[in-house]
Amino acid sequence: MSVSLLGGWFPAMLDVLAAGALIAAVGWRNRNWRWRAVPLIAGATLLLTMLAAYPGAKAVGITDPLPFSVWFWFGLAISALIVLAAGWRTARWWRRGTAVVAAALAALVCANGVNQFVGYYPTIDSAVNDWTNAPLPGQVSMAGLRGGASVKVPAAGRLVAVNIPDTYSHFGHRQELVYLPPIWFVKSAHRHHLPVVELIGGERGGPGDWVRLGNAVQVSDAYARQHHGFAPILVFADATERFDNDTECVNGPKGNSADHLDQDIPKYIEKTFGAATNPDQWAVAGFSMGGTCSIDLVVEHPDVFHHFLDISGDLAPYTSTPAASLHDLYGGNVALEKANEPLLVMRAHGKYTGVNGLFLTSTQERRHQHEAEELSKAAAKVGIWSRVQISPGTHVWQFAAPAFATAYPWLVSQLAPQAGQHGQHRETRHTKPA
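Quick caveat, the model's predicted, so the values are computed rather than measured.

## Comments concerning the packing of aromatic side chains
Using the criterion set out here, one finds 15 aromatic pairs in the structure. Considering the side-chain rings of tryptophan 184 and phenylalanine 185, the 5.0 Å spacing of their centres and the 80 degrees angle between planes classify their relative orientation as edge-to-face. Residue phenylalanine 185 is classed as buried on the basis of its relative accessible area of 10%. The structure contains a cluster of three or more aromatic residues connected by ring pairs, namely Trp210, Tyr223, Phe287, Trp397, Phe404 and Tyr408. The residue whose ring lies beneath lysine 267 is tyrosine 168, and the NZ or CZ to ring-centre distance is 4.9 Å.

Quick look at the structure:
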């Protein structure tokens, strides 16, 4: 069902149903209930909600302040459960049932409030497909690529599910995805040595996020239609192993994510799909945690990647606090932490050649704006051209997707040394793109 979870009639209907069910569960009942039990229930609800909002949220890793509406509905869900317990003896069976329904509906509204805040599931069908591990639109297996090359440029590229060996990293990643542009399927030299972009999502998510939420396949197909089927190979990488494993793309207690991204993936893509081996034709793009990863991987591994799109990333790999980051990401190893901080890495490396990128952030992300400016200034000192672009929005996929689409033509122009053969305009390195 293409019913929006982010706005419109469905979320409003849930609000009305949840509020109505709670009112029915509380009821008028008797005087003792109205003047003694209900005020106590309200007080207990307020106390528990405040404890959940802080320090409870921090304890489970929620560092960004959630909207008031999320905590409001969380409180109503708690209230319904207290009503159920407090009035169990005197309530009729239908009131008990209504209290259970009210708690469930309020919890659902609360959960969708978080979803609306981060923009993770835009529609009901996107949520169901993710929960059921349904194949993404157009997704095929490696076996589905068989059938030989074509003499004509296909109308669209293909999305193939791959199991990349963890030969170098031993990182227990999930199944990943590769987008092969239309030109890859044509019997010509253009099929070989195509440029590559690794795409990395946020700390909570999976390899398919850039397909479902970032619209990266549609963006690439649209570009290919205007450039004779040419576009980069896109790799939808797994940097976290599971939904809640915030690796920040470094090697550490949470796994050797960096080794997977800069060794396992490039070697597999080059061998399996005939991709380019020149670092000037490899890029990393990411949103949120993935944005942090993009600049970090490029400055640490310029022998693998030369270009980055950092969308709303942090100044350095970070979890919740400096102390927690040191412990969670590096096991307390200060030297390892310093080896993964882009500002320190660039300063230690010195002059870079052929490396560039964009920092894309939104108008509502003041901290990210300042950090992007700081990174960009430091990059300029070591020969890395970059630019900070600020666009309307906030820290959600609904900002990241159009930001990527806008920056995509520039990124492709940097990746394709023979861009003129495909009807592209090649930008000059370290100069402001048109």
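Anyway, onward from the coordinates.
## Some thoughts on the pairing of strand E5 (residues 233-236)
Here E5 shows no split at all, with Ile233 and Val235 on one side and Leu234 and Phe236 on the other all buried. Pairing of strand E3 (residues 176-180) with E5, which is carried by 3 bridges, proceeds in the antiparallel orientation. Looking at E5, one finds that valine 178 is bridged to valine 235. Note that strand E4 (residues 196-200) and E5 share 4 bridges and pair parallel. Its bridge partner being in E5, leucine 199 is matched across the sheet by phenylalanine 236.

## Some words on helix H14 (residues 397-415)
Maximum bend of H14: about 45 degrees, positioned at tyrosine 408, with proline proline 409 one to four residues after it. Most of H14 is tucked away: 14 of the 19 residues are buried.

## As for the nonpolar core
Nonpolar side chains in soluble globular proteins generally cluster together in the buried interior. One finds Ile233, Phe236, Ile269, Phe273, Met346 and Phe404 to be the most contacted residues of the largest nonpolar core, which totals 114 residues. Sort the elements by how many residues they give to this core and H14 lands first, with 11 residues. Excluding residues within four positions of it along the chain, phenylalanine 273 makes contact with Met142, Leu145, Val160, Val162, Val178, Leu180, Trp184, Ile233 and Tyr268. Membership of the second largest hydrophobic core comes to 7 residues, among which are Ala37, Ile41, Val83 and Leu84.

## Comments concerning the state of the cysteines
Evaluation of the coordinates by the stated rule reveals 1 disulfide. Note on cysteine connectivity: cysteine 249 is disulfide-linked to cysteine 293, with sulfurs 2.0 Å apart. Measuring the twist about the S-S bond at about 85 degrees, one finds the cysteine 249-cysteine 293 disulfide to be right-handed. Here the residue cysteine 249 occupies a position in the loop between E5 and strand E6 (251-252), and cysteine 293 occupies one in helix H9 (residues 289-300), the gap between them amounting to 44 residues. Here cysteine 249 matches cysteine 293 in class, with each residue buried.

Parameters and conventions
Counting restarts for each chain, with residues numbered from 1 along the sequence as it is written. Whole-chain, interface and lining totals are the exception, using all residues; otherwise, since this is a predicted model, local features are given only for residues with pLDDT of at least 70 and side-chain atom pairs are given and counted only at 80 or more. Values reported for side chains reflect all heavy atoms of the structure, with hydrogen atoms and water molecules removed beforehand. Only Phe, Tyr and Trp rings are paired, with Trp represented by its six-membered ring, and only when their centres lie within 6.5 Å; those with planes under 30 degrees apart are stacked, over 60 edge-to-face, the remainder tilted. The rule is simple: take the accessible area with a 1.4 Å probe, protein chains only, and divide by the maximum for that residue type; under 20% is buried, over 50% is exposed, in between is partly exposed. Charge-over-ring contacts are defined here by two conditions on Lys NZ or Arg CZ: a distance within 6 Å of the ring centre and an angle within 35 degrees of the ring normal. Where helices and strands are cited, they refer to DSSP runs of H or I of at least four residues and of E of at least two residues respectively, numbered from the N terminus. Any two strands are treated as partners once DSSP identifies two or more bridges connecting them. The angle between axes fitted to the seven residues ending at a residue and the seven residues starting there is what we call the bend at that residue. The nonpolar core is taken to be a set of buried Ala, Val, Leu, Ile, Met, Phe, Trp, Tyr and Cys residues, with the residues joined through side-chain atoms within 4.5 Å. Contacts are assigned to residue pairs that have any heavy atoms within 4.5 Å of one another. For the purposes of this analysis, a disulfide is any pair of cysteine sulfur atoms at a distance within 2.5 Å.

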